[in-house]
Amino acid sequence: MLEAAFWGFVGGFALLVGAVLGMVRPVPDRVVGVVMAFGAGVLISTVSFDLVEEAFLEAGAVPVGIGILAGAITFFAGDAIVDRRGGDRRKHPAANAGGAALALVLGAMLDGIPESAAIGVSLLGGGAVSTAVVAGVFLSNVPESLSAAVGLRASGRSVRWILGLWAGVAVVSAVAAALGYALLGGAGAATIAVVQAFAAGAILTMLADTMVPVAVKYSGPLVGIVTCAGFLLAFMLTHA
């Protein structure tokens with residue numbers, strides 16, 4: 001469980017990295033878009049092979065279908081609430097309105113919990129942590145906290161307050177990863193498959209709703225090749 005918590009925190013630590021970058025110096029929108037495109041490719045590969053394929057091989061199509069639909073619907077509902085509070089542009093470089101900054105943080109937690117749970121689930125059965133899962137989570141978190149940190153700073157929050165806030169979100173990520181491991185340690189194959197597919201459904205919905213539009217908008221014609229590069233790298237890591 002401690003190992004799961006550690007790797008969950010590593011993924012969440014990207015939030016601190018992004019926050020520091022956002023406060024220290026401006027990051028070009030194109031760079032944010034390229035990072036987002038690469039992270040989207042990594043996560044698409046991770047969802048396909050580390051979550052959905054593994055769940056299908058262990059338990060069949062029915063648990064996978066149930067899990068994906070449940071994850072997608074859950075994320076969709078939570079995202080709608082966050083959007084109404086002003087967090088709909090949480091991964092955009094221009095998401096710097098101070099009034100929406102806390103909603104951006106809530107959105108980061110909504111995005112991060114299924115990702116972190118996926119990290120914990122990948123350790124079940126004594127296996128090693130999925131490098132592709134951790135990499136994808138890391139790359140998706142940096143631009144998100146970068147945007148929110150700018151908004152929080154503009155609204156008058158101190159650097160200490162901002163870093164403390166994102167450290168707290170990173171801790172939540174660690175807890176989610178630990179729970180994903182601990183609660184499913186003795187579960188049957190079908191239950192684990194449903195949880196894996198649930199995380200996959202939530203991540204896929206998040207990709208389509210928040211990451212891919214930003215990648216397309218800010219990375220321009222590079223989006224396709226960079227996304228493919230992320231997918232290929234994650235595929236090679238998964239099948240090495």
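Cut-offs used in this document
Residues numbered from 1 in each chain as written. Predicted model: local features only at pLDDT ≥ 70, side-chain atom pairs only at ≥ 80, totals over all residues. Heavy atoms only, no water. Helix = DSSP H or I, 4+ residues; strand = E, 2+ residues; numbered from the N terminus. Buried < 20%, exposed > 50% of the residue type's maximum accessible area, 1.4 Å probe, protein only. Contact = heavy atoms within 4.5 Å. Axes fitted to C-alpha atoms, helices over the stretch in contact; angles between N-to-C directions. Parallel < 35°, antiparallel > 145°, perpendicular 65-115°, else oblique. Left-handed = near helix turned anticlockwise from the far one by under 90°. Nonpolar A, V, L, I, M, F, W, Y, C, P; charged D, E, K, R; others polar. Core = buried A, V, L, I, M, F, W, Y, C linked by side-chain atoms within 4.5 Å. Expected span 1.5 Å × (residues − 1). Bend = angle between axes of the 7 residues up to and from the residue. 1 Å grid on protein atoms, 1.4 Å probe; cavity = no way out; pocket = protein on both sides within 12 Å on 5 of 7 lines; lining within 4 Å. Points joined across faces, edges and corners; volume = space filled by probe spheres on them. UniProt positions renumbered as here; feature names shortened; annotations may be inferred. pLDDT = per-residue confidence, 0-100. Polar contact = N/O pair within 3.5 Å; in protein donor to acceptor, adjacent residues only side chain to side chain.

As annotated in an unreviewed UniProt entry, the chain is ZIP family zinc transporter from Catenuloplanes indicus.

A.B. asks: It is not clear to me how the overall build of the chain should be interpreted in this structure. Could you clarify?
C.D. replies: A tally of regular secondary structure across the chain gives 8 helices and 0 strands. Counting from the amino terminus, the chain carries its helices and strands in the arrangement α-α-α-α-α-α-α-α. Going through the 240 residues of the chain one by one, you find that 47% of them count as buried. In the chain, the share of contacts with a sequence separation of at least 24, taken over all contacts with a separation of at least 6, comes to 83%.

A.B. asks: How should I be thinking about the packing of helix 1 (residues 2-24) against helix 6 (residues 159-182) in this particular structure?
C.D. replies: In a packed pair of helices, the relevant descriptors are the angle between the two axes and the axis-to-axis distance. Relative to each other, helix 1 and helix 6 sit at 160°, their axes nearing to 7 Å. Compared by their axis directions, helix 1 and helix 6 come out roughly antiparallel. As for how helix 1 packs across helix 6, the hand of that crossing is right-handed. Looking at the contact of helix 1 with helix 6 residue by residue, the classes come out as 21 nonpolar, 3 polar and no charged.

A.B. asks: What is the right way to read the nonpolar core from this model?
C.D. replies: The nonpolar side chains of a soluble globular protein tend to be buried, and buried together. Judged by nonpolar contacts, the single largest core of 24 residues is most densely connected at Leu43, Leu51, Ala118, Ile203, Met206, Leu207 and Met211. Within the residue set of this core, elements represented by two or more residues are helix 2 (29-59), helix 4 (101-121), helix 5 (131-154), helix 7 (189-219) and helix 8 (223-238). Per-element tally for this core: the top contributor is helix 7, with 10 residues. Within the second largest apolar cluster, 10 residues are counted, among which are Ala19, Leu152, Ile162 and Trp166.

A.B. asks: What should I look at first to understand helix 1 in this one?
C.D. replies: For an α-helix the count is 3.6 residues per turn, leaving residues at separations of three or four pointing the same way. The first and last C-alpha atoms of helix 1 sit 32 Å apart over 23 residues, in line with the 33 Å expected at 1.5 Å per residue. By the largest-angle criterion, Gly11 marks the main kink of helix 1, which is about 30°. Of the residues making up helix 1, those classed as buried are Ala4, Ala5, Gly8, Gly11, Gly12, Ala14, Leu15, Leu16, Gly18, Ala19 and Gly22.

A.B. asks: How do you make sense of the layout of surface pockets when you look at a structure like this?
C.D. replies: It is the rolling of a water-molecule-sized probe over the atoms that shows where space remains empty. When its volume is computed, the largest pocket comes out at roughly 260 Å³. Surrounding the largest pocket, 16 residues form its lining, Ile113, Pro114, Ala117, Val195 and Phe198 being those nearest its centre. Sorting the residues of the lining of the largest pocket by element identifies helix 3 (61-87), helix 4, helix 6 and helix 7 as the ones contributing at least two each. Residue composition of the lining of the largest pocket, grouped by class: 13 nonpolar, 3 polar and no charged.

A.B. asks: Mind showing me how you'd approach the UniProt feature "transmembrane region" (unreviewed entry) in the chain here?
C.D. replies: Sequence positions flagged by UniProt for "transmembrane region" (unreviewed entry) are, in local numbering, residues 6-24, 31-49, 61-82, 94-113, 119-140, 161-183, 189-208 and 220-238. Secondary structure content for residues 6-24 is 100% helix and 0% strand, while the C-alpha to C-alpha distance between its ends is 27 Å. Secondary structure over residues 189-208 splits into 100% helix and 0% strand, and the C-alpha atoms at its two ends are 28 Å apart.

A.B. asks: Would you mind going over the confidence of the model for the chain with me for this structure?
C.D. replies: Reading fine detail from the predicted coordinates is not recommended where pLDDT is low. On average, the chain scores 81 in pLDDT, and the residues at 70 or more come to 85%. By mean pLDDT, helix 4 is the weakest element of the chain at 72, and helix 8 is the strongest at 90.

A.B. asks: Sorry, what's going on with the side chain of Thr46 here?
C.D. replies: Residue placement: Thr46 occurs in helix 2. Judged by relative accessible area, which is 2%, Thr46 ranks as buried. Of the polar contacts made by the side chain of Thr46, one reaches the backbone oxygen of Val42; its length is 2.9 Å.

A.B. asks: How should I be thinking about the packing of helix 2 against helix 7 in this particular structure?
C.D. replies: Helix 7 packs onto helix 2 with a crossing angle of 160° between their chain directions and a minimal axis gap of 8 Å. Judged by the angle between their axes, helix 2 and helix 7 are roughly antiparallel. Read as a crossing pair, helix 2 and helix 7 show a hand that is left-handed. Looking at the contact of helix 2 with helix 7 residue by residue, the class counts come to 24 nonpolar, 4 polar and 5 charged.

A.B. asks: In this structure, what is going on with the environment of Tyr218? I would like to understand it.
C.D. replies: Here Tyr218 lies in helix 7. In this structure, the C-alpha to C-alpha distance between Tyr218 and Val34, residues 184 residues apart in sequence, is 7.4 Å.

A.B. asks: Looking at this model, I keep getting lost on the side chain of Thr210. Mind explaining?
C.D. replies: By secondary structure assignment, the location of Thr210 is in helix 7. Under the relative-accessibility criterion, Thr210 is labelled buried at 5%. A distance of 2.8 Å separates a polar atom in the side chain of Thr210 from the backbone oxygen of Met206.

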